[in-house]
Amino acid sequence: VYAAAPGTSAPETMVPSSVPQPKDDFQEELVIRPLHSGDIYASFQFRTLWDTDFMRDNKVSHYRLFPKSLGQVISKFSVRELHISFTQGYWRTMQWGQPFISSPPGAELWVWFQDSVTDVDATWKELTNVLSGIFCASLNFIDSTNTVQPSASFKPLGIGNETDHRFLRYATLPREIVCTENLTPWKKLLPCGSKAGLAVLLKSEKLFHSSFHSQAVHIRSVCQDRQCKTTSWELRQTLNSVFDLHTSGQGKREWSLFKMFSRTLTEACPLASSSKLYIDITDNSQGEQFELIPATSLLSQAVVLGDRRTFSVYDLTQETTFGSVRSLNLLIRWKSSECDMLRPLLHAERYVAGYGLQTGEIHTLMYNNHPYRSFPVLLLDSVPWYLRLYIHTLSVTSKGKDNKPSYIHYEPSKDRVRPHLLEMLIQLPPNSVTEVTVQFERALLKWTEYPPDPNHGFYVGSSVISSLVPSTVAMDTNSTQERPLFSSFFPCKEESSYFVRIYTEPLLVNLPTPDFSMPYNVICLTCTVVAVGYGSLYNLLTRSFQIEEPNPGLAKRIANVIRKMRGVPPL
């Protein structure tokens, strides 16, 4: 049930046969969702479609909308799919609901290679170094010790049902810090950069002042028609941010584009075939919760995460959208603070238990909030080698009873070579909490393997939970039908369920740490002893000594003068 269906793409526009039809297309969207906590969720989606073949013998030389740097990466390393994300903060599911596309804290990278690649590990290592330079990130720290090869959790999201996992690599860097150095090259991949369109709102000092910030790049091949006779490459750039009510909103339940981004919209990207702004008004159908200024009569409905949502739409390609002042500063003014939040059907969290620095226990909690439906989930855990798991202590319980997984895939770690990999298929009973526990032992590292701040602790990447969650409305299985970008990322093959991938918190684990101040003390004491001892010896060996006669006293000099006058020899 977890095999991915073909991806999505926009339908082709009918033009006269005498006019050559462009082979590339660019669309941009911004979705704003007022949250029940008073915060606001902004999600940017930029999609570039290009009907070309990067794998042909004669390399692609002319680029119009598709960034050349990524096109060369696809061609050189025979990439079939590439997904990379940089996230600062943790998405609080119980307060904000489900995001359109989730990502773990830090950096995440997973890549499907073509079956023509002979040495996947060497290609993977070279690819991470190239991506590290493109995005100004620390992806060069990805090596065999934090790379795994999942067997079931990650399927291709584009074309192709080949699931030979020898060509799949997955890695995370939970400690990666996201800053302006990562945002700037990300914006340069857009056809209009940050000069026009929705990208003018991407101001770094505002985005990084938010409670949550995540930027991602997804590359895959998708179908252009229902029969998938023609295909194209899709580059999808996403950026999600949550603006806090008290930090960014100054405690007032009133938002505007200028308040969030310090800028307003003045025009669409000239190269974009579609540029739209969506405001989620599902819980505000009668205007009882908040007020939109300026109002719009254009409404749209879309099935998002198993629920039918209603949106107010602002088409930036229309001159009337900006009014006479040629500027769009959308204002959301709340009228009421009382509202009920719909709990997400699937939620997960993780923590470390135990005491001391020898052993511990990892607890993963998965919540099924559906009142009467059970559904399976795939749990993926990648644990570093210095946490030695005791798999015989693995236990899965639901409602106080054992819950035996129907599928388990485990690869033990090798010290300083590869991490643990644990994948399980677990059935979650309705309205239940399923707990997965496993004990581990902390390893003692070499003193050269500790980071500069060893007492801060060591990060363990987030668990990945993938599932087909029951839907309250019928899902659209036509992947080529024109839909908003935020509702068409994950392919759907069943009308009764939708695909969800969520992440838990990363773990911070303390390891046995030597006292790194002792070498400093020993060095200082040794240098002092050597300086004093060797200095004294060197002084004695190199100094020259001379015998000096003592000067006679005054009485003796007077006596010698008298004896000389008398002709007597001096004393």
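The text that follows walks through the structure, step by step, so that each part is easy to find. Bear in mind that the values here come from a model prediction, so they are computed numbers and not experimental data.

Check the secondary structure of the protein chain and you find eight helices and 26 strands. In summary, the protein chain has a C-alpha radius of gyration of 34 Å against a globular reference of 25 Å for 571 residues, an excess of more than 25%. Considering the protein chain as a whole, with its 571 residues, one finds that 51% of them fall into the buried category. Taking the intrachain contacts of the protein chain between residues at least 6 apart in sequence as the baseline, contacts between residues at least 24 apart amount to 76%. Summed over its atoms, the accessible surface of the protein chain is roughly 27700 Å², and 53% of this surface lies on carbon and sulfur atoms. Considering the protein chain, the positive charge centre built from 55 side chains and the negative charge centre built from 54 side chains are found 8 Å apart.

Within this model, the largest pocket holds a volume of roughly 870 Å³. In terms of lining residues, the largest pocket is bounded by 28 residues, among which F141, N146, L173, Y386 and Y459 are the most central. Looking at the lining of the largest pocket, the elements that each hand over two or more residues are β6 (168-173), β17 (375-383) and β23 (458-460). In terms of residue count, β6 provides more of the lining of the largest pocket than any other element does, four residues in total. Each residue belonging to the lining of the largest pocket can be placed in one class, and the counts come to 16 nonpolar, seven polar and five charged.

Once that is clear, we can look at empty space enclosed by the protein. This structure, assessed with the given rule, holds five cavities of 30 Å³ or more. Of the voids in this model, the largest cavity is the one considered here, and its volume is about 210 Å³. What lines the largest cavity is a set of 16 residues, and nearest its centre among them are L305, M475, S487, F490 and F499. Elements that contribute at least two residues to the lining of the largest cavity include exactly β12 (299-304) and β25 (497-503). Each residue belonging to the lining of the largest cavity can be placed in one class, and the counts come to 13 nonpolar, two polar and one charged.

With that settled, the discussion passes to helix α1 (residues 68-77). The set of residues buried in α1 consists of L70, G71, V73, I74, S75 and F77. At its buried positions, α1 is contacted by β3 (79-88), β4 (106-113), α3 (120-135), β7 (212-223) and β8 (231-243).

One pass over the full model with this rule turns up 17 salt bridges. Linking K76 and E126 is a salt bridge whose minimum nitrogen-to-oxygen distance equals 4.0 Å. With K76 in helix α1 and E126 in helix α3, this pair connects stretches of sequence that are 50 residues apart. Under the relative-accessibility criterion, E126 is labelled partly exposed at 39%. Note that R220 is salt-bridged to E234, the shortest N-O span being 2.7 Å. Pair noted here: R220 is in strand β7 and E234 is in strand β8, with a separation of 14 residues, a long-range link. Judged by relative accessible area, which is 0%, R220 ranks as buried. For E234, a relative accessible area of 0% puts it in the buried group. Overlapping salt bridges, with partners in common, bring together R33, D280, D307 and R309 in one network.

Right, let's get into the environment of R483. In this fold, R483 is placed in the loop between β24 (464-470) and β25. Counting along the chain gives 180 residues from R483 to V303, while the straight-line C-alpha distance between them is 9.5 Å.

A sheet is described by the order of its strands in space; here 11 strands give the open sequence β5-β6-β4-β3-β7-β8-β2-β1-β10-β13-β12, paired in mixed fashion. Sheet topology places β5 (147-148) and β12 at the edges, where each strand pairs with a single neighbour. With eight bridges joining them, β3 and β4 adopt antiparallel strand pairing. The residue bridging V79 from the neighbouring strand is F113, located in β4. Of the strands in this sheet, β3, β4, β5, β6 and β7 are in contact with α3, which crosses β4 at around 135°. Sheet contacts for helix α4 (residues 180-188): β2 (40-50), β7 and β8; angle to β7, the most-contacted strand, approximately 35°.

On to the state of the cysteines. In total, this model carries one disulfide according to the counting rule given. The disulfide that involves C192 links it to C269, with 1.8 Å between the sulfurs. Around the S-S axis, the bridge from C192 to C269 shows a dihedral of about 70° and counts as right-handed. Placement of C192 in the loop between α4 and α5 (204-207) and of C269 in the loop between α6 (257-261) and β10 (274-280) is noted, with a sequence separation of 77 residues between them. Taking the relative accessible area as the measure of exposure, C269 reaches 3% and is therefore buried. Here C179 is not cross-linked by a disulfide; its sulfur's nearest cysteine counterpart is in C136, at 8.6 Å.

The peptide bond linking I293 to P294 adopts the cis configuration, its omega dihedral lying at 0°. Here P294 shows up in the loop between β11 (290-293) and β12. Phi angles above zero are rare outside glycine, and C136 is one such case at about 50°. Mapped onto the fold, C136 is located in the loop between α3 and β5. The exposure class assigned to C136 is partly exposed, which follows from its relative accessible area of 41%. Even without glycine at this site, K399 takes up a positive phi of about 55°. Inspection of the secondary structure assignment puts K399 in the loop between β18 (387-398) and β19 (401-402). The exposure class of K399 is exposed, given its relative accessible area of 54%.

The subject of this paragraph is the packing of aromatic side chains. Taken as a whole and assessed by the stated rule, the structure comprises 29 aromatic pairs. Between F26 and F46, the ring centres sit 6.4 Å apart and the planes meet at 5°, which makes this aromatic pair stacked. Placement of the pair is F26 in strand β1 (residues 24-34) and F46 in strand β2, with a sequence separation of 20 residues. The exposure classification of F26 matches that of F46, with both residues buried. Chaining the aromatic ring pairs together yields one cluster made of Y41, W91, W96, F100, F212, Y278, F311 and F486. Its end group placed over the ring of F100, R33 keeps NZ or CZ at 5.0 Å from the ring centre. It is K259 that lies over the ring of W255; its NZ or CZ is 5.9 Å from the centre.

With seven of nine residues buried, strand β21 (residues 420-428) is to be regarded as a mostly interior element. Strand direction decides the pairing type here: β17 and β21, joined by nine bridges, are antiparallel. Note that in β21 the partner of L378 across the bridge is L425. Strand direction decides the pairing type here: strand β20 (residues 407-411) and β21, joined by five bridges, are antiparallel. Bridged to I408 within β21 is M424.

Quick notes on the rules
Residues numbered from 1 in each chain as written. Predicted model: local features only at pLDDT ≥ 70, side-chain atom pairs only at ≥ 80, totals over all residues. Heavy atoms only, no water. Helix = DSSP H or I, 4+ residues; strand = E, 2+ residues; numbered from the N terminus. Rg over C-alpha atoms; globule rule 2.2 N^0.38 Å. Buried < 20%, exposed > 50% of the residue type's maximum accessible area, 1.4 Å probe, protein only. Contact = heavy atoms within 4.5 Å. Areas by Shrake-Rupley, 256 points an atom, 1.4 Å probe, with all protein chains shown as cover. Lys, Arg positive; Asp, Glu negative; His and termini not counted. Charge placed at Lys NZ, Arg CZ, Asp CG, Glu CD. 1 Å grid on protein atoms, 1.4 Å probe; cavity = no way out; pocket = protein on both sides within 12 Å on 5 of 7 lines; lining within 4 Å. Points joined across faces, edges and corners; volume = space filled by probe spheres on them. Nonpolar A, V, L, I, M, F, W, Y, C, P; charged D, E, K, R; others polar. Salt bridge = Lys/Arg side-chain N within 4 Å of Asp/Glu carboxyl O. Pairing = 2+ DSSP bridges. Axes fitted to C-alpha atoms, helices over the stretch in contact; angles between N-to-C directions. Disulfide = S-S within 2.5 Å. Phe/Tyr/Trp six-rings, centres within 6.5 Å; stacked < 30°, edge-to-face > 60°. Lys NZ or Arg CZ within 6 Å of the ring centre and 35° of its normal.

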